[in-house]
Amino acid sequence: MTQSAGLLIQLSHIKKRGVDDWLCLFLSGLMGLTVLLLLLIVAFLILEAWPAIHGDGWRQFLRSDGWYPLEGKLGLLPMFWASIAVGVGALLVALPFGLGSAVFIAYYAPKVIGKPFAGVITLLAGVPSVVFGLWGLTELVPLVNQWHPPGASLFTAIIVLAIMILPTISLTSYSALLALPTQLQLNSAALALSKKTMVVGVLIPAAWRGITVGVLLAIARALGETLAVLMVAGNVVQMPTGLFEPVRVLTANIALEMAYATDNHRAALFASGLMLMFVVFLIALGASKLSKKEMSPI
Amino acid sequence: MINRLFTLLIWGLASCVLFAFGWLMVDVLVQGVPMLSLDFLTSDPIRSGRAGGIYPIIVSTFLILGVALTIVLPIGLGSAIWLCEFSNKDSKIVSTIRLSLDVLAGVPSIVFGLFGYAFFCGFLELGFSILSGGLTLACMMLPILIRTTEAGLAAVPNEWRRAGAALGLSRTTLLWRVLIPYAAPAITAGLLLSIGRATAETAALIFTSGYVDRMPESLADSGRSLAVHIYDLSMNVVGGDKAAYGSALVLIMFIVSINLLANALSESWMQKRVSRQ
Amino acid sequence: MKQTPKISNTYTLGSVEQGAECCEPIPHFSIRDLAVSYNQKTVLSNVSLDVYKGCITALIGPSGCGKSSFLSTLNRLSDMVPGAKVTGTIEFEGQSTLANNYDVESLRTKVGMIFQNPNPFPLTIRKNLELPLRERGIKKKSVLESKITSALKEVGLWDEVKDRLNVSALSLSGGQQQRLCIARALVLEPSVLLMDEPCSALDPISSGVVEDMIRRLAGRYTIIIVTHNLAQARRLANYAAFFWMKERVGKLIEFGQCQPLFESPQHSLTAAYVSGERG
Ligand SMILES: Nc1ncnc2c1ncn2[C@@H]1O[C@H](COP(=O)(O)OP(=O)(O)O)[C@@H](O)[C@H]1O
Ligand SMILES: [Mg+2]
């Protein structure tokens, strides 16, 4: 009995070793595929953008005589600034509302309101961007048009984008607030702080890391959004000088011209894609530095 | 006094959010619901979608998703399991891979669209096709899926890994019998969320799976996804707004149910984790 | 007294009911010059001792002096800790377990381990016990059934759970979970049990139940137990090893029979620790 059990153990052991090794090999193969794919994506984008950026070709994007690809004028600056304006504007609008609604759910709403409200925010997070675009185009643009024609403008884009990124800010801020130790609230209450002082002076500063990560994610989303902005911003290539002037952002430019661009023009579009990727890289780097919570098993 | 004003401000901000959401939803419902009928879901679009239904578009959407999932599921789950259970956490390569995945998860979808257009449609000569679109979506979903799956696995308590090793269980057994079943709701929730994102995707598909709104005959055929359909109707088709809202309602209903399912799953999972302690 | 079922492949060094008076000391583990470091930082060094077959050896000492690290070298669980490095020699059943080509998984089936926090898998009680057996290629229903039954009886859990083997193991109380974990280690019929503070996460009553059970296992298993409860160490152990930190490195200060070590310690540190805890 003992002997046969021992034999069994050894036999199954040999078999099992194999299983583990095979699984590891198989999985690392899949991981390898992933890595290859990542490299392929980056390499291919660089390859396609190469004609426009090699040497000091990239300087042509900085020229100030505008974007007339058919004449070989490839100044990206107006669209770059438009992207920044739309992104920053949307963030400025969304931040108070996002943070406010996070504080609302966490500390102000009665339970019967708070939970459904959080549900609404989650729902909002799931609405496809093209639906925001559709809504902006058919509702907001005509409205703004009555007020400040032509309607499709920097302003409209900011509003639509702000509503889109609001859930991101709100949900991450909320979970950052939720993660705070309850001790903090008890202590503040023990010091007889007013609720406002507690929220503004203690809780929000304590959760700033999480909130900042949320803000960074929101910026990344805002800069990368394409169609919703394209649908409501008017898409005229010009420096964003007035709030109610139409603008064209980098992403929209790619979507609008990719289909027919050739040669240097096409390369310039890929270069602007690379540029977006680089900005996102910086943002992701920042976010990962901030949320350095190691979750390594074993 | 200031305290009262602040309370008022918070309620005000929250109501504004609710108002914006309500506006959007009422708009979609009021304009979308009258369009919704069995006929709308099961007939072909007529005159660029101004009339008729969205049947081929629904089919194309699911085909594109199907292609993407076929690719992304094995690669994504496999990579995530390797990262979480087999990789050496301290190695430079692994942390570089992680960071790259984070970056890629945040890359604008239009950039994936650029890549797909140049690589799948152009370089691999797949043209505007469901295959190109699905593969592009797969690239987009991959980093998200890997990271959510990995997070799900990483949240499984380490003590079970230790217990398993102390009992001489193989990693395969431990994974299959203990870790994956336990993390399954979280993994599924992550999968559902990335399906939701893929379904909502427009920018990555416009120049990869194409515009054609008839029924695709094969995966090499062009097919228009629901999100692209909405975009096209509202931007390029005069008088397409009604149908656009109808399609938007269908799309939202699909994504919302997927997200609700994902939420329910991860909530029940959280409950399980809490009650364990 | 209830007859504890006979388990094959055990050490008959004492009577089954009573547990053993420790008899002739045959080394089961021979440890020489053992050192453990994490990321090049040495946390334990110069440990040499023999762990005797069928006896209970208690490891005592303050937190952080490397008791858990020591224990985890014995079943090579230290392999799983990133950055951990073990040097020296450990001889087990005549083989050097630290050798690279040593069969770690069979070592782990012969050397069971119990952790401070009960960690049954999130499966049913039955599945928890079946899993390690199936892994060994034991698939026959009747064999599984009898092994599970005898392991549960051995830890005194059988009467408590025999009607609900198919409920989740996580629904058991802390003390029951810990006994289940011990049963899970016992189904593999190990010869050694490593226990890292097995009672310290339990309430006093469960702790007492587990302690009684450990006493019953003595004689048939070689047991190495880490405990902060000196009274418990005295009650249970045949041998005791006292660890202490010198210049932030854990050292084995004194090792010997339990009673002499407690009553007439050779080393002043031991005396201070033993009496300090008593007073
Ligand atoms: N995985 C690890 N990585 C780095 N240092 C560790 C690790 N585990 C334990 N240590 C360190 O080793 C020392 C001994 O720890 P441990 O063996 O747990 O002591 P004890 O069980 O006696 O309390 C402690 O200083 C602890 O900080
Ligand atoms: Mg310890």
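Shown above is the structure to which this text applies.
**Structural notes on the overall build of chain B**
Part 1 of the reasoning: Counting secondary structure elements, chain B contains 11 helices and two strands.
Part 2 of the reasoning: Seen in sequence order, chain B has helices and strands lined up from the N terminus as α-α-β-β-α-α-α-α-α-α-α-α-α.
Part 3 of the reasoning: Taken along the three principal axes of its C-alpha coordinates, chain B extends 70 × 65 × 35 Å.
Part 4 of the reasoning: Burial status across chain B gives 59% buried among its 277 residues.
Part 5 of the reasoning: Summing over all exposed atoms, chain B offers an accessible surface of approximately 10800 Å²; the carbon and sulfur share of this is 67%.
Part 6 of the reasoning: If you average the places of the 18 positive and of the 16 negative side-chain charges in chain B, the two averages end up 12 Å apart.

**Section: empty space enclosed by the protein**
Gaps left between atoms are located by rolling a probe of water-molecule size over the structure's atoms.
Residues and elements named next belong to chain A.
Part 1 of the reasoning: This model, assessed by the stated rule, comprises three cavities of 30 Å³ or more.
Part 2 of the reasoning: Volume-wise, the largest cavity comes out at about 50 Å³.
Part 3 of the reasoning: Forming the boundary of the largest cavity are S83, V86, G87, L161, A222, L223, E225, V229, V249 and T251.
Part 4 of the reasoning: Sorting the residues of the lining of the largest cavity by element identifies α2 (77–108) and α8 (208–224) as the ones contributing at least two each.
Part 5 of the reasoning: Sorting elements by how many residues they give to the lining of the largest cavity places α2 first, with three residues.
Part 6 of the reasoning: For the lining of the largest cavity, the residue count by class is six nonpolar, three polar and one charged.

**Let's talk about the packing of aromatic side chains**
To describe a pair of aromatic rings, you give the distance between the ring centres and the angle between the ring planes.
Part 1 of the reasoning: Applying the stated criterion across every chain yields a total of 28 aromatic pairs over all chains.
Part 2 of the reasoning: Summarising the aromatic geometry, the rings of F44 of chain A and F115 of chain B are spaced 6.0 Å apart at their centres and angled 90 degrees between planes, so their arrangement reads as edge-to-face. Here the residue F44 of chain A occupies a position in helix α1 (residues 2–53), and F115 of chain B occupies one in helix α5 (residues 109–123), the pair thus bridging two chains.
Part 3 of the reasoning: Judged by relative accessible area, which is 8%, F44 of chain A ranks as buried.
Part 4 of the reasoning: What makes F115 of chain B buried here is its relative accessible area of 0%.
Part 5 of the reasoning: Their ring planes at 35 degrees and their centres at 6.3 Å tell us that Y117 of chain B and F128 of chain B sit as a pair that is tilted. Note that Y117 of chain B is positioned in helix α5 and F128 of chain B in the loop between α5 and α6 (130–154), a separation of 11 residues in sequence.
Part 6 of the reasoning: With a relative accessible area of 39%, F128 of chain B lands in the partly exposed category.
Part 7 of the reasoning: Here the aromatic cluster, defined as three or more aromatic residues joined through ring pairs, consists of F44 of chain A together with F115, F119, F120 and F123 of chain B.
Part 8 of the reasoning: R171 of chain B extends its terminal NZ or CZ atom over the ring of F86 of chain B, reaching a point 5.6 Å from the ring centre.
Part 9 of the reasoning: In this arrangement the basic side chain of R184 of chain C is found over the ring face of F121 of chain C, its NZ or CZ atom lying 4.5 Å from the centre.

**Concerning the pairing of strand β3 (residues 56–60) of chain C**
All names here are of chain C.
Part 1 of the reasoning: For β3, the tally of buried residues reaches five of five residues, placing the bulk of the element in the interior.
Part 2 of the reasoning: Of the two faces of β3, the one lined by I56, A58 and I60 and the one lined by T57 and L59 are each fully buried.
Part 3 of the reasoning: Taken together, the four bridges between β3 and strand β8 (residues 222–226) define a ladder with parallel strand orientation. Residue pairing for β8: T57 is matched across the bridge by I224.
Part 4 of the reasoning: Examined bridge by bridge, β3 and strand β9 (residues 239–246) share four bridges and lie parallel to one another. In the strand pairing of β9, I60 is matched with F242.

Analysis parameters
- Residues numbered from 1 in each chain as written.
- Chains lettered and ligands numbered in written order.
- Predicted model: local features only at pLDDT ≥ 70, side-chain atom pairs only at ≥ 80, totals over all residues.
- Heavy atoms only, no water.
- Helix = DSSP H or I, 4+ residues; strand = E, 2+ residues; numbered from the N terminus.
- Buried < 20%, exposed > 50% of the residue type's maximum accessible area, 1.4 Å probe, protein only.
- Areas by Shrake-Rupley, 256 points an atom, 1.4 Å probe, with all protein chains shown as cover.
- Lys, Arg positive; Asp, Glu negative; His and termini not counted.
- Charge placed at Lys NZ, Arg CZ, Asp CG, Glu CD.
- 1 Å grid on protein atoms, 1.4 Å probe; cavity = no way out; pocket = protein on both sides within 12 Å on 5 of 7 lines; lining within 4 Å.
- Points joined across faces, edges and corners; volume = space filled by probe spheres on them.
- Nonpolar A, V, L, I, M, F, W, Y, C, P; charged D, E, K, R; others polar.
- Phe/Tyr/Trp six-rings, centres within 6.5 Å; stacked < 30°, edge-to-face > 60°.
- Lys NZ or Arg CZ within 6 Å of the ring centre and 35° of its normal.
- Pairing = 2+ DSSP bridges.

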